[in-house]
Amino acid sequence: MAYGYIGSLRTRPGKRDDVVAILLSGADGLRAFGCRSYVVGLAADDPDTIVVTEVWESKEHHDASLRSPGAKEAIAAAMPMLTGEFTSRELIVAGGLGADA
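Quick caveat: nothing in here was measured; it's all calculated off a predicted structure.

Colleague: Looking at this structure, I do not really get the nonpolar core. What am I missing?
Modeller: Looking at soluble globular proteins, one finds that nonpolar side chains tend to be buried together. Counting ten residues, the largest nonpolar core is built from L9, V19, V20, I22, V40, I50, V52, A78, M81 and L82. At the level of elements, α1 (16–25) and β3 (49–56) are the ones that each hand at least two residues to this core. Per element, the largest residue contribution to this core is three residues, and it comes from α1.

As C-alpha cells, this is what we get:
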C-alpha cells in the first residue's frame, strides 16, 4: 500500500504566503520521486498555519525526496519563516481519489 503523510507547520505572522510559495515551487518535480498526490492547504481557522497532505509510492520514496538538493534548499529557505510548531501523522493509504498510481 502507498504511504501517506499529513503535516502542519506554523509560520511567523505575515510569512504564510511566502512559505506556501516555497512549498509549491518544487511540486511539479515530486512525481519523479514517487509522489502521487501533494496538496498544500491553508488552515481555515488560523492565518499562520499550513497543512500539507501527501501520498507516495512508499515511505522510502518520501524520505528520498527530502534528501534531494531541491528539497534541502526549500527547507533552508523556509525555516527562518517558521515558528517551530509542527504536527505530523504517517498513514497507510487504503485508497481514494489521487491515491492510486
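Colleague: Looking at this model, I keep getting lost on the side chain of D48. Mind explaining?
Modeller: Positionally, D48 belongs in the loop between β2 (35–42) and β3. As a buried residue without a salt bridge, D48 has its nearest oppositely charged side chain in R10, at a separation of 4.2 Å. Not counting the four nearest positions on each side in its chain, D48 is found in contact with L9, R10, T11, R12, P13 and G14.

Colleague: What is the right way to look at a nonpolar patch on the surface in this model?
Modeller: On the surface, L66, I75, M79 and F86 cluster together into a nonpolar patch covering about 370 Å² of accessible area. Tracing the chain through its elements places M79 in the loop between α3 (69–78) and β4 (82–93). The exposure class assigned to M79 is partly exposed, which follows from its relative accessible area of 44%.

What counts, and at which threshold
- Residue positions are counted from 1 within each chain, in the order its sequence is given.
- Residue-level local features of this predicted model are given only where pLDDT is at least 70; pairs of side-chain atoms are given and counted only at 80 or more, and the full residue set underlies all totals for whole chains, interfaces and linings.
- Side-chain numbers come from the whole structure's heavy atoms, not from hydrogens or water.
- Take the buried Ala, Val, Leu, Ile, Met, Phe, Trp, Tyr and Cys residues and link them wherever side-chain atoms come within 4.5 Å; each set so joined is a nonpolar core.
- Note on exposure labels: buried denotes an accessible area under 20% of the residue type's maximum, exposed denotes more than 50%, and partly exposed covers the range between, all computed with a 1.4 Å probe on protein chains only.
- Only DSSP runs of H or I covering at least 4 residues are called helices, and only runs of E covering at least 2 are called strands; the numbering of each starts at the N terminus.
- Only four residue types enter the tally: Lys and Arg on the positive side, Asp and Glu on the negative side; His and the chain ends are excluded.
- Note on definitions: salt bridges are taken to be side-chain nitrogens of Lys or Arg within 4 Å of carboxyl oxygens of Asp or Glu.
- Only heavy atoms enter the contact rule, under which two residues are in contact if any of them lie within 4.5 Å.
- Exposure above 30% relative accessible area and the absence of a salt bridge qualify a residue for a patch, where like charges join within 9 Å and nonpolar side chains (Val, Leu, Ile, Met, Phe, Trp, Tyr) within 5 Å.
- In short, Shrake-Rupley with a 1.4 Å probe defines the accessible areas, and a residue's cover is counted only from the protein chains shown.

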